[in-house]
Amino acid sequence: MSSLDSIPVSRVMASPVRTIRQNDTIQQACKTMIENNIGSIIVVTQSNEPAGIITERDIVRHLAEKPISFAAPANQVMSKPIVTIHPNGSLRDALQEMQSRDIRRLIVVGNDGKSMMGIITTKDIFRFISRNESVSSAFVSEEMLARDRDMAESFSTSLFDDIVHRRT
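Because the structure is a prediction, the values reported are computed rather than measured. (Residues numbered from 1 in each chain as written. Predicted model: local features only at pLDDT ≥ 70, side-chain atom pairs only at ≥ 80, totals over all residues. Heavy atoms only, no water.)

### Description of unusual backbone geometry
Step number 1: Following Ser15, the chain continues into Pro16 via a peptide bond in cis, with omega recorded as 0 degrees.
Step number 2: For Pro16, the location among the structural elements is in the segment before strand E1 (19-21).
Step number 3: Cis peptide bonds are those with omega within 30 degrees of zero, and the linkage from Lys80 to Pro81 qualifies with 0 degrees.
Step number 4: Looking at where Pro81 falls in the secondary structure, it is placed in the loop between helix H2 (56-65) and strand E4 (84-85).
Step number 5: Phi is positive for Asn48, which is not a glycine, with a value near 65 degrees.
Step number 6: One can find Asn48 in the loop between strand E2 (40-44) and strand E3 (50-55). (Helix = DSSP H or I, 4+ residues; strand = E, 2+ residues; numbered from the N terminus.)

Now the structure itself:
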């Protein structure tokens, strides 16, 4: 039986990470997200170090609170600082970090804390759990879902999405 403590995020993370530069426009960020069917993009410095993240929510929130031109630089809407995890960090560590900070994504970085190796999302983790019977039974038997309603709802939604997409 596999435990979330024994599975490194490097096994589940997506790579390469889609990025834009700080001076690229918000429109370019949106276009890149649409073209790659992703819900976020990492904003990097000139030396390719992560400076922030732009999510679909960030854009919607900015439009609702203080409208901004789509020609404005991406760094005007990005969230920062970036929250990271080491590739050897466990899936449990990733979920706990995301849950404690109320975020859905972590950047996987090397030992230097700057070089991006990948990105991991709650959706990636829940999809991995749902596709691996030994992991899902360990996950459920640990009563993690019963203790945390938000995590249970996220897992259920991801599982449902996965089932629907497998059938189509």
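### Description of the nonpolar core
Step number 1: Within the largest apolar cluster, 18 residues are counted, with the highest numbers of intra-cluster contacts made by Val9, Leu91, Ala94, Leu106, Ile120 and Ile125.
Step number 2: Contributions of two or more residues to this core are made by helix H3 (91-101), strand E5 (105-109) and helix H4 (122-131).
Step number 3: Those residues in contact with Ile120 that sit more than four places away from it in its chain are Val9, Val12, Met13, Leu91, Met98, Arg104, Arg105, Leu106, Val108 and Ile125.
Step number 4: Of all hydrophobic cores here, the second largest spans 13 residues; its members include Ile41, Val43, Ala74 and Val77. (Core = buried A, V, L, I, M, F, W, Y, C linked by side-chain atoms within 4.5 Å. Buried < 20%, exposed > 50% of the residue type's maximum accessible area, 1.4 Å probe, protein only. Contact = heavy atoms within 4.5 Å.)

### Considerations on the sheet that holds E1
Strands pair in a sheet through their backbones, by hydrogen bonds, and they do so in one of two ways: parallel or antiparallel.
Step number 1: Pairing is mixed in the open sheet, where 3 strands are placed in the order E1-E2-E3. In this open sheet, the two strands that pair with only one neighbour each are E1 and E3. Geometrically, the sheet is characterised by an average inter-axis angle of 35 degrees between neighbouring strands, direction not taken into account.
Step number 2: Bridge count for E1 against E2 is 3 bridges, and the pairing is parallel. Directly across from Thr19, in E2, lies its bridge partner Ile42.
Step number 3: Running at roughly 135 degrees to E2, helix H1 (residues 26-36) makes contact with E1, E2 and E3 of the sheet. (Pairing = 2+ DSSP bridges. Axes fitted to C-alpha atoms, helices over the stretch in contact; angles between N-to-C directions.)

### As for the side chain of Thr121
Step number 1: Among the secondary structure elements, Thr121 is positioned in strand E6 (residues 116-121).
Step number 2: Engagement of the side chain of Thr121 in a polar contact is seen with the backbone nitrogen of Asp124, the distance being 2.9 Å.
Step number 3: Residues in contact with Thr121, not counting those within four places in the same chain, are Met98, Arg104 and Arg105. (Polar contact = N/O pair within 3.5 Å; in protein donor to acceptor, adjacent residues only side chain to side chain.)

### Quick look at the pattern of salt bridges
Step number 1: Counted according to the given criterion, the structure contains 3 salt bridges.
Step number 2: A salt bridge links Asp5 to Arg92, with the nearest nitrogen and oxygen atoms 2.8 Å apart. Of this pair, Asp5 sits in the segment before E1 while Arg92 sits in helix H3, and the two are 87 residues apart along the sequence.
Step number 3: Classification of Asp5 by relative accessible area gives partly exposed; the value is 47%.
Step number 4: A salt bridge links Asp58 to Arg61; the shortest N-O distance between them is 3.0 Å. In this pair, Asp58 and Arg61 both sit in helix H2, 3 residues apart, roughly one turn of the helix.
Step number 5: The exposure class assigned to Asp58 is buried, which follows from its relative accessible area of 3%. (Salt bridge = Lys/Arg side-chain N within 4 Å of Asp/Glu carboxyl O.)

### A word on the sheet that holds E6
Step number 1: In spatial order, the strands read E4-E5-E6; together these 3 strands make up an open sheet with mixed pairing. The open sheet is flanked by E4 and E6, the only strands paired with a single partner.
Step number 2: Strand direction decides the pairing type here: E4 and E5, joined by 2 bridges, are parallel. Looking at E5, one finds that Thr84 is bridged to Ile107.

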